Amino acid sequence: MAKPKTSLTAVERRAEELDTIASVLPMERRDELAELLTDHDVETLRHLVNQGMGDNTLRALTSDLAYLEAWGLAATGKSLPWPAPEALLLKFVAHHLWDPQRRETDANHGMPADVDENLRSQGFLKSVGPHAPATVRRRLANWSTLTKWRGLDGAFASPALKSAIRLSVRAVPRTRGRKSPKAVTGDVLAKLLSTCATDSLRDLRDRAIMMVAFASGGRRRSEIAGLRCEQLSIEPPIPVENGAPLPSLAIHLGRTKTTSGDEDDVVYLTGRPVEALNAWMVAAKIDSGSVFRGIGRWGTVSRRAIDPQSINAILKQRVEMAGLEPGEFSAHGLRSGYLTEAANRGIPLPEAMEQSRHRSVQQASSYYNNATRRSGKAARLLS
């Protein structure tokens, strides 16, 4: 007699439901998220997927929702109430925007030690000190967005909350640091690639990730992590005088941070990056689905897309292997590095922006101009 099917627990059911949207929200922490998020949270995310919200926006919402639920459990012992009362929003601000100097004389100022330890043990807190005001504002904004999508009103526009944020920011001024202190320019990239010298799956994958991310205009880590075979199309080889033609490939970006899914935004790869990508896909036997995937301890290639955070971890690991300082580089350094290298090689800014797909000339030129100002005529008037 066949045994009756064991019913799934709530956590197992949520894990399966999260799997159904994993193609849009590639998550390595699925099991942890299934424990943190409530049934209503998962249902809200599924609804947003069906509504066609941008992939990057959905990833940010999921990440912030997971953090908010983890903080709520640590701070109150309960899952987040919807809508959140004003007192809870003010508590969130007080826990994240605080004065380090006052903390030295008042142990109760800022985030309580037990809440801090709880979030840190789960990997939600890494740096020491108060959050950046922009991070707090973003999480509150996403909290508000999720509240509205549930058909509820919140106290996010209350004068008390706005005043609390304004006073906290004024009391603890912070200068905004660059996403990557140093750009990954051509010479730095060469050192990183030299650490991928073997034909092992990890070396092939990491080499392809770095070359594709850089050569495609400095793609964002979420775009690289979410890259799928269906976005790639082979182009006619590029003729080279007195040499073999170079392989060419088009990447159809679809919906990105600065575009809509209706636009067919395309960037091109030529030569070595195409060869590196092909070498990885052949070795990993990937012909459909996610291009860049996790690799298990025994060399097993996962079916799931690699997490965007892993792109940053891979780059930092290669930086350390190359004998450089990991704290000076991040995945965003590939994006700023592409434009910096373009400036160093005399490529006009509009042409570089065609590949990087920057929409803001001001933003793109901030990277581009830094490479040329030091040696430019304006800096040498009295030389």
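Here's a quick rundown of the structure. (Residues numbered from 1 in each chain as written. Predicted model: local features only at pLDDT ≥ 70, side-chain atom pairs only at ≥ 80, totals over all residues. Heavy atoms only, no water.)

**Notes on the packing of aromatic side chains**
Piece 1. Tallied over the entire structure, the rule returns six aromatic pairs.
Piece 2. An angle of 85 degrees between the planes, with centres 5.1 Å apart, marks the rings of W71 and F92 as edge-to-face. Residue W71 is found in helix α4 (residues 55-76), and its partner F92 is found in helix α5 (residues 86-96); the two are separated by 21 residues along the sequence. No difference in accessibility class separates W71 from F92, as the two residues are buried.
Piece 3. A centroid spacing of 6.5 Å and a plane angle of 75 degrees characterise the contact between W71 and W143, whose relative ring orientation is edge-to-face. You can see W71 sitting in helix α4 and its partner W143 sitting in helix α8 (residues 133-149), a full 72 residues away along the chain. As far as the burial class goes, W71 and W143 line up, both buried.
Piece 4. Members of the aromatic cluster, joined through ring pairs, are W71, F92, W143 and F156. (Phe/Tyr/Trp six-rings, centres within 6.5 Å; stacked < 30°, edge-to-face > 60°. Helix = DSSP H or I, 4+ residues; strand = E, 2+ residues; numbered from the N terminus. Buried < 20%, exposed > 50% of the residue type's maximum accessible area, 1.4 Å probe, protein only.)

**Brief notes about a nonpolar patch on the surface**
Piece 1. Taken together, I238, V240 and L246 make up a surface patch of nonpolar side chains, about 200 Å² in accessible area.
Piece 2. Tracing the chain through its elements places L246 in strand β2 (residues 243-252).
Piece 3. Relative accessible area serves as the criterion here: at 33%, L246 is assigned to the partly exposed category. (Patch = residues over 30% accessible without salt bridge, like charges linked within 9 Å, V, L, I, M, F, W, Y side chains within 5 Å. Areas by Shrake-Rupley, 256 points an atom, 1.4 Å probe, with all protein chains shown as cover. Salt bridge = Lys/Arg side-chain N within 4 Å of Asp/Glu carboxyl O.)

**Focus: the pattern of salt bridges**
Piece 1. Throughout the structure, instances matching the rule amount to 12 salt bridges.
Piece 2. Close ionic contact of D206 with R205 constitutes a salt bridge, the shortest N to O distance being 3.0 Å.
Piece 3. Classification of D206 by relative accessible area gives buried; the value is 2%.
Piece 4. Note that R228 and E230 form a salt bridge whose closest N and O atoms lie 3.6 Å from each other.

**Remarks on the sheet that holds strand β1 (residues 232-240)**
Piece 1. What the three strands build is an open sheet, ordered β1-β2-β3; its pairing is antiparallel. With one partner strand each, in any of the chains shown, β1 and β3 (266-270) form the two edges of the open sheet. This sheet shows a mean twist of 25 degrees between the axes of neighbouring strands, independent of strand direction.
Piece 2. The pairing of β1 with β2 spans six bridges and is classified as antiparallel. Opposite S233, over in β2, you have A250 as the bridge partner. (Pairing = 2+ DSSP bridges. Axes fitted to C-alpha atoms, helices over the stretch in contact; angles between N-to-C directions.)

**Points about the environment of K78**
Piece 1. Secondary-structure assignment places K78 in the loop between α4 and α5.
Piece 2. The class of K78 is exposed, set by a relative accessible area of 59%.
Piece 3. Excluding residues that lie within four positions of it along the chain, K78 makes contacts with G72 and L73. (Contact = heavy atoms within 4.5 Å.)

**With respect to the packing of helix α11 (residues 201-215) against helix α15 (residues 332-344)**
Piece 1. Packing of α11 against α15 brings their axes to within 8 Å, and their N-to-C directions diverge by 55 degrees. When the axis of α11 is compared with that of α15, the two are oblique. For α11 against α15, the interelement crossing comes out right-handed. Here α11 contributes M210, A213, F214 and A215 to the contact with α15, which in turn contributes L334, G337, Y338 and E341.
Piece 2. Across the contact of α11 with α15, the residue classes break down as six nonpolar, one polar and one charged. (Parallel < 35°, antiparallel > 145°, perpendicular 65-115°, else oblique. Left-handed = near helix turned anticlockwise from the far one by under 90°. Nonpolar A, V, L, I, M, F, W, Y, C, P; charged D, E, K, R; others polar.)

**Quick notes on the side chain of N312**
Piece 1. Inspection of the secondary structure assignment puts N312 in helix α14 (residues 308-321).
Piece 2. Excluding anything up to four places from it in sequence, N312 contacts R221, S330 and A331.

**Here's the deal with the nonpolar core**
Piece 1. W280, V291 and F292 are the most contacted members of the largest nonpolar core, which totals 46 residues.
Piece 2. When residues of this core are traced back to their parent elements, those giving at least two are α10 (186-193), α11, α12 (221-225), β2, β3, α13 (272-284), α14 and α15.
Piece 3. In terms of residues, this core owes the most to one element, α11, which gives eight residues.
Piece 4. Discounting chain neighbours no more than four positions away, the residues touching F292 are R205, A208, I209, V212, I224, A225, L227, L277, W280, R304, A305 and I306.
Piece 5. Counting 37 residues, the second-largest nonpolar core is a separate cluster that includes V49, A74, W143 and A155. (Core = buried A, V, L, I, M, F, W, Y, C linked by side-chain atoms within 4.5 Å.)

**Observations concerning unusual backbone geometry**
Piece 1. The linkage connecting W82 with the following residue, P83, adopts the cis geometry, with an omega of -5 degrees.
Piece 2. Here P83 shows up in the loop between α4 and α5.
Piece 3. Unlike most non-glycine residues, N242 shows phi in positive territory, near 60 degrees.
Piece 4. Mapping N242 onto the fold places it in the loop between β1 and β2.
Piece 5. Exposure remark for N242: the relative accessible area of 79% places this residue in the exposed category.
Piece 6. The phi torsion at K285 lies on the positive side, around 60 degrees, for a residue other than glycine.
Piece 7. Mapping K285 onto the fold places it in the loop between α13 and β4 (293-295).
Piece 8. Owing to a relative accessible area of 75%, K285 belongs among the exposed residues under this scheme.

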